[in-house]
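Structural description and commentary
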Amino acid sequence: MGKKKERSVPPINAGSMADIAFLLLIFFIVATTMDTDSGILTKLPPMPEEDQEPPPDINDRNVLEVLVNAQDQLLVEGEWKDVTELREITIEFITNPGGREDLPESPTKAVVSLQNDRGTSYNTYIQVQNELKAAYNQIRDEESRRMFGVVFSELEKDQRREVQKKYPIKVSEAEPKDLGGEN
Amino acid sequence: MSKFKQKKGGKTPGINTASLPDIVFMLLFFFMVTTTIRDASLKVKVVTPNATEIQKLEKKSLVSYIYVGPPSTPALKEVFGTEPRIQLNDTYANVNEIPEFIEKERQARDEAEVPFLTTSLKIDKDTKMGIVSDIKQELRKMNALKINYSSKKGGLKK
C-alpha cells in the first residue's frame with residue numbers, strides 16, 4: 001500500500017504527423033518556382049578608359065557589319081537579309097572556307113560589328129544575338145570534334161581554352177543610333 | 001493439421017500507414033531543397049523572347065535581376081502608362097538608379113564573390129532597344145559586365 005507503481009510515459013500520438021508534414025509540403029509546392037533562369041550569357045565590353053588611345057582601324061575585310069533598323073529589318077554587309085540567313089553568313093564569314101579576299105584572313109581577326117537603332121525591338125535584337133552565338137557555337141563544336149572528338153561543352157578546361165583561342169567570340173556593339181522611326 | 005491451412009474468413013488486412021509520414025517528409029525535403037521562393041512581386045509584365053542558344057544560370061545566389069516591361073495590371077497602367085518601365089527589387093526605378101542597385105547587390109555578397117555576380121536582364125520582348133541600351137551602358141559604367149539576356153528555350157518566332 002502506498003507504494004507507487006512505476007508510471008510509464010504515455011506515447012505521443014504520431015498519427016497527425018502525416019497531416020503536419022502534408023501541410024508543410026503543400027506550402028512548399030505552392031511557393032516553389034522550379035524554373036531555373038536561363039538565357040543568353042554574354043559579357044559587356046568594359047568602359048573605355050579616358051586616356052585610352054582610339055582603337056586601331058580594322059581592315060574592312062575583317063568586319064562583318066550587321067545593322068538593325070527601327071523596323072526590325074536587317075542589313076548585313078550592305079544587303080537586306082533575313083534573320084534566318086544570318087547564321088550561315090556568319091559561319092562563312094568567320095571560317096572563310098574558300099580563302100576569299102573579302103573575308104577575314106583568320107578567324108581570330110574576324111569581328112562582327114552589331115549596330116541597332118534605339119527603336120529596334122528587343123525580340124529582334126535577341127534573335128540576332130542568338131544567331132550570332134549559334135554560329136560561333138557551331139564552329140566551336142565542329143572544331144572541338146575535329147580536334148578532340150567531342151562537342152565543345154564536354155571539353156576539359158584547357159582544351160576548351162584552346163578552341164576559344166582559335167575562335168574567339170568578337171562581337172562589337174556600337175552605341176545605338178537614334179535615327180527614329182517610331183519611338 | 002497442415003501448417004498451411006488457410007484461415008477462415010480472412011479479411012484483407014488494412015494497409016499499414018505508419019510509413020506515410022516518412023514518405024511525405026521525403027517529398028517535403030525535396031521541395032524544400034529545390035525551392036527558390038519568389039522574392040519580388042512583379043509589377044511589370046515580362047514575356048521573355050525565345051532563343052535556342054541558351055545556358056542555365058548556375059548559381060542563383062549570385063544573380064541579380066533587372067526587370068523591364070510595361071506595367072502589368074490595369075490599375076498600374078492607369079498611373080504609370082503603358083510604356084516599358086524598369087523594376088528593381090520591388091519598385092519602379094529609373095535608369096540612373098541602377099548603379100546604386102548594383103552597389104547594394106555587391107555589398108550583400110562576399111567580396112570574393114563579387115566578380116562572379118551576374119545580372120540577369122528579364123526584358124519583355126516588345127521593349128525597344130533604347131531603354132535596354134541605357135541599362136547596358138549603366139552596367140558597363142559600374143563594371144558589372146557579366147549579363148544574361150533571360151530567354152526561353154524555343155525556336156525563332158516572328
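Right above here is the structure, for reference.
The notes below deal with the structure included here.

1. Observations concerning the overall build of chain B
From N to C terminus, chain B includes four helices and eight strands. Among the 158 residues that make up chain B, the fraction classed as buried is 24%. Of the contacts made within chain B by residues no fewer than 6 positions apart, 76% connect residues no fewer than 24 positions apart.

2. Here we look at the overall build of chain A
Across its full length, chain A holds four helices and six strands. When the elements of chain A are put in sequence order from the N terminus, they spell out α-β-β-β-β-α-β-α-α-β. Against the 2.2 N^0.38 benchmark of 16 Å for 183 residues, chain A shows a C-alpha radius of gyration of 29 Å, more extended than a compact globule. Over its C-alpha atoms, taken along the principal directions, chain A stretches across nearly 115 × 50 × 40 Å. Scored against the burial criterion, the 183 residues of chain A give a buried share of 25%. In chain A, 69% of the contacts between residues at least 6 apart in sequence involve partners at least 24 apart.

3. Here we look at the interface of chain B and chain A
Chain B puts 45 residues into the contact, and the matching count from chain A is 43 residues. Residue assignment for the side of chain B that touches chain A shows that the elements contributing at least two residues are α1 (20-34), β2 (55-56), β6 (118-123), α4 (129-141) and β7 (146-150) of chain B. Ranked by the residues each element gives to the side of chain B that touches chain A, the list is headed by α1 of chain B, at nine residues. Where strand β1 (residues 38-43) of chain A lies against β2 of chain B, two bridges are found, and the strand directions are antiparallel.

4. As for the environment of Glu156 of chain A
All names here are of chain A. If you trace the backbone, Glu156 turns up in the loop between α3 (122-148) and α4 (157-166). Residue classification places Glu156 among the exposed residues on the basis of 10 C-beta atoms within 10 Å. Remark: the alpha-carbon pair of Glu156 and Leu103, spanning 53 residues in sequence, is separated by 31 Å.

5. Brief notes about the packing of helix α2 (residues 83-95) of chain A against α3 of chain A
Residue and element names in this part refer to chain A. It is at 9 Å that the axes of α2 and α3 come closest, and there the two elements cross at 40°. Accordingly, the angle class assigned to the pair α2 and α3 is oblique. Crossing hand, α2 versus α3: right-handed. The segment α2 lies against α3, with Val83, Leu86, Arg87, Thr90, Ile91, Ile94 and Thr95 engaging Gln127, Val128, Glu131, Leu132, Ala134, Ala135, Gln138 and Ile139. Taken together, the residues of the contact of α2 with α3 break down into nine nonpolar, four polar and two charged.

6. Things to note about the sheet that holds strand β3 (residues 74-76) of chain A
Residue and element names in this part refer to chain A. Taken together, five strands build an open sheet; the order of strands is β4-β3-β2-β5-β6 and the sheet is mixed. In this open sheet, the two strands that pair with only one neighbour each are β4 (79-81) and β6 (171-173). Put simply, the sheet's adjacent strands are angled 30° from each other on average, direction ignored. Both strand β2 (residues 63-68) and strand β5 (residues 111-116) contribute to a ladder of six bridges, which runs parallel. The residue bridging Leu64 from the neighbouring strand is Val112, located in β5. Packing of α2 onto the sheet brings it into contact with β2, β3, β4 and β5, and relative to β3 it is tilted by some 15°. Relative to β2, α3 is tilted by about 160°, and along the sheet it contacts β2, β5 and β6.

7. Description of the environment of Glu53 of chain B
Tracing the backbone through its elements, the reader meets Glu53 of chain B in the loop between β1 (50-51) and β2. On the neighbour-count criterion, Glu53 of chain B (19 C-beta atoms within 10 Å) is partly exposed. Considered as a pair, Glu53 of chain B and Gly154 of chain B are 101 residues apart in the sequence and their alpha carbons are 9.2 Å apart. Ignoring sequence-local partners within four residues, the contact set of Glu53 of chain B consists of Ile40, Asn130, Lys133, Ala134 and Asn137 of chain A.

8. Considerations on the nonpolar core
Looking at soluble globular proteins, one finds that nonpolar side chains tend to be buried together. The biggest cluster of nonpolar side chains holds 40 residues, and the ones touching the most others in it are Ile94, Tyr122, Tyr125, Ile126 and Val128 of chain A. When residues no more than four places from it in sequence are discounted, the contact partners of Val128 of chain A are Val66, Val68, Val83, Leu86 and Leu114 of chain A.

About the thresholds
Sequence positions are assigned chain by chain, starting from 1 and proceeding in written order. Labels follow written order: the first chain is A, the first ligand is 1, and so on. Since the coordinates come from a predicted model, pLDDT governs what is reported: local features require at least 70, and pairs of side-chain atoms require 80 or more to be given and counted, while whole-chain, interface and lining totals use all residues. Under the scheme used here, helices are H or I runs from DSSP no shorter than 4 residues and strands are E runs no shorter than 2 residues, and both carry numbers assigned from the N terminus. Counts of 20 or more other C-beta atoms within 10 Å of a residue's own C-beta define buried residues, counts of 12 or fewer define exposed ones, and intermediate counts define partly exposed ones; C-beta atoms are placed from the backbone. Placing C-beta atoms from the backbone, we regard two residues as in contact once those atoms come within 7 Å. We compute the radius of gyration over the C-alpha atoms and compare it with the globule rule, which gives 2.2 Å times the number of residues raised to the power 0.38. At least two DSSP bridges between two strands are needed for those strands to be called paired. The convention used is that axes are lines fitted to C-alpha atoms, helices contributing only their stretch in contact, and that angles between N-to-C directions extend from 0 to 180 degrees. Each angle receives one of four descriptions, namely roughly parallel if under 35 degrees, roughly antiparallel if over 145, roughly perpendicular if within 65 to 115, and oblique otherwise. Crossing handedness is read from the near helix: turned anticlockwise from the far helix by less than a right angle, it gives a left-handed crossing, and turned clockwise, a right-handed one. Residues are grouped as follows: Ala, Val, Leu, Ile, Met, Phe, Trp, Tyr, Cys and Pro are nonpolar; Asp, Glu, Lys and Arg are charged; all remaining types, including Gly, are polar. For the purposes of this analysis, a nonpolar core is taken to be any set of buried Ala, Val, Leu, Ile, Met, Phe, Trp, Tyr and Cys residues that are connected through C-beta atoms within 7 Å.

In short, shape yes, function no, at least from these values alone.
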